[in-house]
Amino acid sequence: DGGITQSPKYLFRKEGQNVTLSCEQNLNHDAMYWYRQDPGQGLRLIYYSQIVNDFQKGDIAEGYSVSREKKESFPLTVTSAQKNPTAFYLCASSPGTSGLLGQYFGPGTRLTVT
Amino acid sequence: KQEVTQIPAALSVPEGENLVLNCSFTDSAIYNLQWFRQDPGKGLTSLLLIQSSQREQTSGRLNASLDKSSGRSTLYIAASQPGDSATYLCAVGTGSARQLTFGSGTQLTVLP
């Protein structure tokens, strides 16, 4: 089954702890993206990566970090520096490096920090 | 900075009706535009992708148009069904990786 997987589906953490969200794809896509969605709002771009070992900040990168050591994996770490980490996090991928062929999304991880 | 607006925020229609969802964007320098569907608590499902050189795309009962010069796109849904109930999101692609800027969505309810 080809697709994008995100785990876990739900994640609960205490304030002050770092947490890592997993995103894996077996579509052989080059580009990968992380977005955050808050209630009643559209998605906002956190980080993106067009090739292995390279990534760029999106609109709201503060308090987040990523790595891209493998083509199929793009984990997101939510650090304790992120002031409002509770949100729905969505990972996407795109064929090629340009994003011209559109983006395709995983099922999301809902993070709750208390 | 690109801004994407979707009107209306919510729409309720009886089954069988044809309907139009609107999307507008402030900067016409886009590479592509993508329409998505999101069910509650789920990820996004891509519906239609329109490149900047195209005027429209069709898939089944869905038709999306793009007028780049006026900064507008519409999603037309023919003969709506209760299963079409979801939030519809519009996003425009800009930048080297066609990073998407999203609207806040239109929540559609189709009543049986």
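Residues numbered from 1 in each chain as written. Chains lettered and ligands numbered in written order. Predicted model: local features only at pLDDT ≥ 70, side-chain atom pairs only at ≥ 80, totals over all residues. Heavy atoms only, no water.

Student: I'm lost on the side chain of B:Thr94 in this one. Help?
Tutor: One can find B:Thr94 in strand S9 (residues 86-94). Residue classification places B:Thr94 among the buried positions, given a relative accessible area of 19%. (Helix = DSSP H or I, 4+ residues; strand = E, 2+ residues; numbered from the N terminus. Buried < 20%, exposed > 50% of the residue type's maximum accessible area, 1.4 Å probe, protein only.)

Student: I keep staring at the interface of chain A and chain B and nothing clicks. Help me out?
Tutor: Quite often, the size of an interface is put as the accessible area lost when its parts meet. Each side of the interface is counted separately: chain A has 25 residues, and chain B has 20 residues. Here chain A meets chain B over a buried area of about 1,700 Å², counting both sides, of which 52% is carbon and sulfur. Taken as a group, A:Leu43, A:Leu100 and A:Phe105 account for 27% of the area that chain A buries against chain B, more than any other trio of residues on that side. For the side of chain A that touches chain B, the secondary structure elements donating two or more residues are strand S4 (31-37), strand S5 (43-51), strand S9 (87-94) and strand S10 (104-105) of chain A. The element that contributes the greatest number of residues to the side of chain A that touches chain B is S5(A), accounting for four residues. Classifying every residue of the side of chain A that touches chain B by side-chain character gives 12 nonpolar, 11 polar and two charged. (Contact = heavy atoms within 4.5 Å. Buried area = accessible area lost by both parts, 1.4 Å probe. Nonpolar A, V, L, I, M, F, W, Y, C, P; charged D, E, K, R; others polar.)

Student: So what exactly am I meant to see when it comes to the sheet that holds strand S7 (residues 64-66) of chain A here?
Tutor: Sheet strands line up and pair through hydrogen bonds in the backbone, either parallel or antiparallel. All names here are of chain A. In space, the four strands of this open sheet follow the order S1-S3-S8-S7, with antiparallel pairing throughout. Where the open sheet ends on each side, the last strands, each with one partner, are strand S1 (4-7) and S7. Strand-to-strand, the axes of this sheet are offset by a mean angle of 20 degrees, without reference to chain direction. By the bridge criterion, three bridges tie S7 to strand S8 (residues 76-78) in an arrangement that is antiparallel. Opposite Ser65, over in S8, you have Thr77 as the bridge partner. (Pairing = 2+ DSSP bridges. Axes fitted to C-alpha atoms, helices over the stretch in contact; angles between N-to-C directions.)

Student: Is there a simple way to think about the pairing of strand S10 (residues 99-102) of chain B in this case?
Tutor: The side chains of a regular strand alternate between the sheet's two faces. All names here are of chain B. Along S10, one buried face is formed by Gln99 and Thr101 and the opposite face, lined by Leu100 and Phe102, is buried too. In this structure, S9 lies alongside S10, joined through four bridges in antiparallel fashion. Across the sheet, the residue bridging to Thr94 is Gln99, located in S10.

Student: It is not clear to me how the state of the cysteines should be interpreted in this structure. Could you clarify?
Tutor: By the definition in use, this model includes two disulfides over all chains. Between the sulfur atoms of A:Cys23 and its disulfide partner A:Cys91 the distance amounts to 1.9 Å. Its torsion about the S-S bond being -70 degrees, the disulfide of A:Cys23 and A:Cys91 is classed as left-handed. Taken together, the residues A:Cys23 in strand S3 (residues 19-25) and A:Cys91 in strand S9 connect sequence positions 68 residues apart. Between the sulfur atoms of B:Cys23 and its disulfide partner B:Cys90 the distance amounts to 2.0 Å. Linking B:Cys23 and B:Cys90, the disulfide has an S-S dihedral of approximately -60 degrees and is accordingly described as left-handed. A residue pair is termed long-range when its members are at least 10 positions apart, and B:Cys23 in strand S3 (residues 19-25) and B:Cys90 in strand S9 qualify at 67 residues. Exposure class is identical for B:Cys23 and B:Cys90. Each is buried. (Disulfide = S-S within 2.5 Å.)

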